[in-house]
Every structure is written in structure tokens, then in C-alpha cells.
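Listed here are the chains, written in short residue letters.
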Amino acid sequence: MDSIRDYEFEYLEKYFGDASEVQKKVENCPLCNEKLAKSHQVNLKELYTRETARCNSCGYGQKKLIHSLN
């Protein structure tokens with residue numbers, strides 16, 4: 001299993017533009033613009049979710065984020 005140090009914390013300040021632009025940045029691959037395949041692991045004790053995203057089309061590496069639940 002990946003270490004929590006392999007992930008970066010998600011923060012909403014890095015997103016700008018209208019709703020459709022932000023949705024594309026969150027959901028699509030930065031290289032080929034196809035939808036990313038995402039998986040989530042929830043830790044309710046420590047109130048965070050680990051998200052791992054990768055592109056099945058171009059093989060873009062993994063995008064790893066931590067979302068705070070509080």
C-alpha cells in the first residue's frame with residue numbers, strides 16, 4: 001500500500017475559471033484530456049479520503065490526492 005507521504009493535499013484555491021473549466025481540470029487527464037479512472041479509500045477515523053487517478057487511454061501516471069472530510 002502507498003504511504004500517505006506519496007499523496008498531496010487537495011486545496012480548492014488552485015482551481016479557477018467557470019464551472020466547466022474546473023470540472024475538466026478535476027476529471028480529465030492533463031495530457032490527453034480523456035476521463036481519469038479514480039479510486040478512493042476512506043479513513044473515517046482520521047477523516048480523510050485518499051484518491052488515486054490514472055488515465056487508461058495514454059497511461060498518464062498516478063495523480064494522488066488527499067481530501068479532508070471535516
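Our subject is the structure that appears above.
Peer 1: Outline the environment of L47, listing residues and values.
Peer 2: Along the chain, L47 falls in the loop between β2 (37-43) and β3 (48-54). Taking the C-alpha atoms as reference points, L47 and S68, separated by 21 residues in sequence, lie 6.3 Å from one another. Not counting residues up to four positions away in its chain, the partners in contact with L47 are H67, S68, L69 and N70.

Peer 1: Describe the pairing of strand β4 (residues 63-68), with residues and values.
Peer 2: Pairing between strand β1 (residues 8-9) and β4: 2 bridges, direction parallel. Across the sheet, F9 pairs through a bridge with I66, a residue of β4. Alignment of β3 against β4, held across 6 bridges, turns out to be antiparallel. Looking at the pairing, A53 lines up with K63 of β4.

Peer 1: If you had to explain the pattern of salt bridges to someone new, which residues and values would you point to?
Peer 2: Within this structure, the stated rule accounts for 1 salt bridge. One salt bridge in this structure joins K35 and E27, with 2.7 Å as the shortest N-O distance. Overall, the relative accessible area of 55% leaves K35 in the exposed class. E27 sits in the partly exposed class, given a relative accessible area of 27%.

What counts as what
Residues numbered from 1 in each chain as written. Predicted model: local features only at pLDDT ≥ 70, side-chain atom pairs only at ≥ 80, totals over all residues. Heavy atoms only, no water. Helix = DSSP H or I, 4+ residues; strand = E, 2+ residues; numbered from the N terminus. Contact = heavy atoms within 4.5 Å. Pairing = 2+ DSSP bridges. Salt bridge = Lys/Arg side-chain N within 4 Å of Asp/Glu carboxyl O. Buried < 20%, exposed > 50% of the residue type's maximum accessible area, 1.4 Å probe, protein only.

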